[in-house]
Amino acid sequence: MTQEIITEIIGKYEPDQSSLIAVLQDVQEHFGYLPKDALTDVSKELDVPLSRVLSLATFYSAFSLQPKGKHPVHVCMGTACHVRGAQPVLEAFERELGIKDGETSEDLEFSLDTVRCVGCCGLAPVVMVGEDVHGKISQSKVSRVTKKYKK
Amino acid sequence: MEKANEKAYRLHLMVCAGTACVSNNSFGIKDALEKEINKQGLEDEVLVVTTGCNGFCERGPLLVVQPGNVFYQQLEEKDIPHLVEEHFLKGRPVKKLMYKPPKEKSPIPILSDINFFKKQVLIALRNRGLIDPEKIDEYIARDGYSALAKALTEMEPKQIINEVKDSGLRGRGGGGFPTGLKWEFVSKSSTNGQERYIVCNGDEGDPGAFMDRSILEADPHAVIEGMIIGAKAIGASKGFVYVRNEYPLAVSRLIKALEQARGYGLLGKDILGSGFDFDIKIVRGAGAFVCGEETALMASIEGRLGEPRPRPPYPAEKGLWDNPTCINNVETWANVPVIINRSADWYSNIGTKTSKGTKVFSLVGKINNTGLVEVPMGITLREIIEDIGGGIPDGKKFKAVQTGGPSGGCIPAKNIDLPIDYESLTEVGSMMGSGGMVVMDEDTCMVDVAKYFISFTQNESCGKCTPCREGTKAMYEILDRITKGEGKEEDIDLLEDLAKSIKDSALCGLGNTAPNPVLTTLKYFKDEYEIHIKEKKCPAHVCRELNTYTIDEKTCLDVGHGCDLCRKNCSANAISGETKTAHQVIQEKCIKCGVCYDVCRFDAVKVK
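Residues numbered from 1 in each chain as written. Chains lettered and ligands numbered in written order. Predicted model: local features only at pLDDT ≥ 70, side-chain atom pairs only at ≥ 80, totals over all residues. Heavy atoms only, no water.

1. Overview of the overall build of chain A
Rule in force here: Secondary structure is summarised from DSSP: a helix means a run of H or I of at least four residues, a strand means a run of E of at least two, and numbering begins at the N terminus for each. Exposure is judged per residue with a 1.4 Å probe applied to protein chains only, and the accessible area is read against the type maximum: over 50% gives exposed, under 20% gives buried, and values in between give partly exposed. What makes two residues a contact is simply this: any of their non-hydrogen atoms within 4.5 Å.
The helix and strand inventory of chain A stands at seven helices and four strands. From first element to last, N terminus to C terminus, chain A shows the α and β order α-α-α-α-β-α-α-β-β-β-α. In terms of overall dimensions, chain A has a C-alpha envelope of 50 × 30 × 25 Å along the principal axes. Buried residues in chain A amount to 53% of all 151 residues. Partitioning the intrachain contacts of chain A with sequence separation of at least 6 by distance along the chain shows that 59% fall at a separation of at least 24.

2. Thoughts on the overall build of chain B
This is how the line gets drawn: Computed with the Shrake-Rupley method and a 1.4 Å probe, the accessible areas treat only the protein chains shown as cover for residues. Only four residue types enter the charge count, namely Lys and Arg as positive and Asp and Glu as negative; His and the chain termini do not. The atom standing in for a charge is NZ when the residue is Lys, CZ when it is Arg, CG when it is Asp and CD when it is Glu.
The secondary structure content of chain B amounts to 25 helices and 17 strands. Along the three orthogonal principal directions, the C-alpha set of chain B runs to about 80 × 70 × 40 Å. Burial analysis of chain B (608 residues in total) assigns 60% to the buried set. Intrachain contacts of chain B at a sequence separation of at least 6 include 70% that bridge at least 24 residues. Entry remark: accessible area of chain B is about 23700 Å², with carbon and sulfur atoms responsible for 49%. Measuring between centres, the 77 positive side-chain charges of chain B sit 1 Å from its 85 negative side-chain charges.

3. Section: the interface of chain A and chain B
The extent of an interface is frequently quoted as the accessible surface area lost upon association of the parts. Defined as follows: When two components associate, each loses some accessible surface as probed by a 1.4 Å sphere; the sum of these losses over both components is called the buried area. The rule for a salt bridge is simple: a side-chain nitrogen of Lys or Arg has to be within 4 Å of a carboxyl oxygen of Asp or Glu. Any N or O atom pair separated by 3.5 Å or less is treated as a polar contact, with the protein-specific requirement of one donor-capable and one acceptor-capable atom, and with residues adjacent in sequence counted only for side-chain atom pairs. For this scheme, ten residues count as nonpolar: Ala, Val, Leu, Ile, Met, Phe, Trp, Tyr, Cys and Pro. Four count as charged, namely Asp, Glu, Lys and Arg, and the remainder, Gly too, count as polar.
In this complex, chain A contributes 40 residues to the contact, which on the side of chain B involves 56 residues. Taking both partners together, chain A and chain B bury about 3600 Å²; carbon and sulfur atoms supply 53% of that area. Broken down residue by residue, the surface that chain A buries against chain B is led by Phe-59, Thr-79 and Arg-116 of chain A, which jointly contribute 19%. The interface formed by chain A and chain B holds four salt bridges in total. For the pair chain A and chain B, the interface holds 24 residue pairs in polar contact (both at pLDDT 80 or more). When grouped by side-chain class, the residues that make up the side of chain A that touches chain B number 18 nonpolar, 13 polar and nine charged.

4. Quick word on helix α12 (residues 294–301) of chain B
All names here are of chain B. With eight of its eight residues buried, α12 lies for the most part within the structure. Every buried residue of α12 is listed here: Glu-294, Thr-295, Ala-296, Leu-297, Met-298, Ala-299, Ser-300 and Ile-301. Two residues or fewer after α12 comes Gly-303, characterised by a positive phi angle close to 85 degrees.

5. Regarding the packing of helix α1 (residues 2–11) of chain A against helix α3 (residues 36–46) of chain A
All names here are of chain A. What counts, and what does not: Lines fitted to C-alpha atoms define the axes here, with helix axes fitted over just the stretch in contact, and angles between the N-to-C directions of these axes take values from 0 to 180 degrees. Angle categories are assigned with fixed cut-offs, so that under 35 degrees is roughly parallel, over 145 is roughly antiparallel, 65 to 115 is roughly perpendicular, and the rest are oblique. Handedness of a helix crossing follows the sense of rotation of the near helix relative to the far helix, less than a right angle counterclockwise being left-handed and clockwise being right-handed.
Relative to each other, α1 and α3 sit at 45 degrees, their axes nearing to 9 Å. Here α1 is positioned oblique relative to α3, judged by the angle of their axes. Crossing handedness for the pair α1 and α3: right-handed. Along the contact surface, α1 presents Thr-2, Gln-3, Ile-6, Thr-7 and Ile-10, while α3 presents Asp-37, Ala-38, Asp-41, Val-42, Glu-45 and Leu-46. Residue classes in the contact of α1 with α3 are distributed as five nonpolar, three polar and three charged.

6. Some thoughts on the domain arrangement of chain B
All names here are of chain B. Rules: For the purposes of this description, domain bounds are those given by an automatic or database domain assignment.
Looking at chain B, the domain boundaries give domain 1 (11–113), domain 2 (136–347), domain 3 (358–441), domain 4 (446–535) and domain 5 (547–607). For domain 3 versus domain 4, the distance between C-alpha centres works out to 22 Å. Residue-level contacts link 16 residues of domain 3 with 15 residues of domain 4. Summing the contributions of domain 3 and of domain 4, the shared interface buries around 1200 Å²; its carbon and sulfur component is 66%.

7. Topic: the environment of Gln-74 of chain B
Position of Gln-74 of chain B relative to the elements: it lies in the loop between β4 (70–72) and α3 (80–89). Between the C-alpha atoms of Gln-74 of chain B and Pro-61 of chain B, which are 13 residues apart in sequence, the distance is 5.1 Å.

Structural data, given as structure tokens:
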């Protein structure tokens with residue numbers, strides 16, 4: 001199954017090393033992370049050593065080797081958000097979800113990550129849950145945000 | 001391909017669909033407008049258009065009515081039926097949905113009369129709010145691609161380069177290198193029979209800067225046209241746009257724009273019948289700040305780790321796959337068509353002696369009117385902050401402005417009359433950078449800001465050279481202990497020593513400039529460092545380990561009647577009391593998150 005998906009993704013690009021990042025991006029998008037099997041398949045099909053695939057997968061922050069939650073929470077830590085109080089907001093999410101920055105909850109419902117500026121500085125501090133942007137967040141609003149996504 | 005809508009409309013409703021407005025439900029507003037317009041039978045008279053970022057993000061979602069330039073803001077779906085009936089059917093503009101400056105009584109109906117827009121001069125953002133970025137015909141109707149036609153049919157490559165040189169345009173991505181000169185170098189580099197390349201750097205990594213995103217989203221053809229003109233000037237047949245992966249809307253608009261340009265024969269083989277071939281490929285970044293550095297960016301395009309390499313050789317000589325490559329950033333490219341169309345003379349009349357034209361800044365942080373502004377070089381900080389930005393919210397005191405992102409520095413309030421250009425910003429220890437302008441007030445702790453930026457560069461350091469990898473880490477550790485009240489007196493000297501060594505010895509721009517935020521805050525705000533170290537206090541109450549929260553029991557009971565909000569919000573169960581009794585903070589349990597202080601409506605919670 002994985003193999004077929006990888007073949008399909010690679011088919012969209014020129015079959016050489018320069019396509020490696022684009023391929024990994026599509027794999028990440030498809031699975032929500034980079035599964036081990038997928039990386040092996042990419043390495044074989046593009047004829048690139050697995051060590052090189054892994055070095056890219058761990059260098060760029062867009063890639064994750066761990067599955068992410070159904071509702072990925074991204075707290076923006078850009079400068080505008082920082083001066084308007086992003087750090088206390090992040091800590092409030094950590095308490096609310098019971099996970100730390102970079103972790104995924106055991107039931108795979110939520111994951112929590114920080115991002116470097118989503119470019120919505122006018123709405124700082126900003127939090128993204130999946131594709132939804134929540135602007136002008138404060139720590140007292142955190143539980144209201146997570147409630148929307150809880151089962 | 002979709003043909004231009006040739007029907008004539010009485011009114012055009014330009015709904016901002018920039019990222020900030022979209023997250024404020026501008027598409028909901030668009031749908032509501034269309035529904036209501038149909039209901040009133042106005043669908044043949046009034047057209048709803050979605051545009052790129054208008055700039056005044058603070059007031060979104062936004063709507064501008066053309067002709068007339070009537071500006072509506074902070075719209076909600078429930079406002080729409082009334083608005084459509086009153087304004088678009090009966091012709092009576094709705095005052096309560098217009099912009100009213102803080103503390104003033106009457107609204108300002110016309111966009112160009114609003115201070116935020118008044119002092120702006122739009123070149124790179126010339127089409128913002130005026131066109132639908134997904135329709136090439138609308139770009140063409142605003143003189144789009146006429147500069148390309150001129151460059152391809154009336155000008156020799158040398159003439160194009162000279163025009164850009166004479167305009168005085170300098171790189172808008174940070175370095176400020178003269179663009180025309182760069183083009184000349186690339187055009188003269190030997191190719192050994194290989195290709196030359198054009199690259200657009202859209203890896204806008206500076207936190208607090210979003211002009212490149214906005215240009216790509218609002219006017220992608222401006223960038224594409226600039227790149228084709230550049231390609232003709234230097235003799236390139238292939239171009240790349242490197243865009244951050246975090247900007248999905250910019251990527252999808254670019255893809256559409258490239259397809260449309262190809263469909264019109266503006267990209268590909270034999271462009272406009274001139275015999276010139278050129279095409280552009282999009283490369284998505286993968287979340288590495290260092291890839292904004294040109295050599296790292298090229299490595300990333302080649303599918304390798306985004307690590308910088310020493311320069312020289314510069315990309316002009318050895319760039320992508322070791323071939324001559326011309327790299328400019330999004331905003332720089334967007335300026336090019338205007339220079340070709342309106343002449344170098346016209347362009348160089350705007351700005352200062354050494355910095356010509358305009359610069360786009362993202363005005364954010366502790367400021368009333370956050371948003372994107374394009375101003376002539378030489379404008380003073382005061383004009384930007386007070387006139388355009390409308391000053392600091394809640395009557396707080398202006399303390400500093402940070403420019404240039406993690407490579408820049410903090411400029412103190414005493415320099416508020418500084419005219420902005422490349423040189424003046426460098427003189428005060430900061431830099432132009434990509435144009436982030438983060439305003440800070442008395443509640444911002446400058447030691448915390450320095451720690452924030454060092455933590456950023458430390459995280460984003462690619463790890464290749466020791467000064468940056470280890471040096472920024474050492475600086476972070478010192479700053480961290482200062483903000484926790486564990487600083488030592490010798491720490492300030494140590495920070496200065498480290499900063500100087502990193503500046504002198506790091507491999508690339510990221511490392512060389514990483515100490516700037518620390519150096520400028522030490523230069524202008526040393527007293528704040530000293531108070532943290534000697535008195536173990538944070539004057540702005542930002543460094544929370546140094547704070548103590550208490551509740552004024554009299555205020556809590558007499559004014560707030562023991563409203564209990566603080567206790568309900570306290571996740572550490574560190575507040576005792578119940579409704580209608582005075583509350584207390586249990587210090588041993590308090591985790592100093594400050595939520596009680598934030599939620600108290602009666603100022604009963606005190607921080608020391």
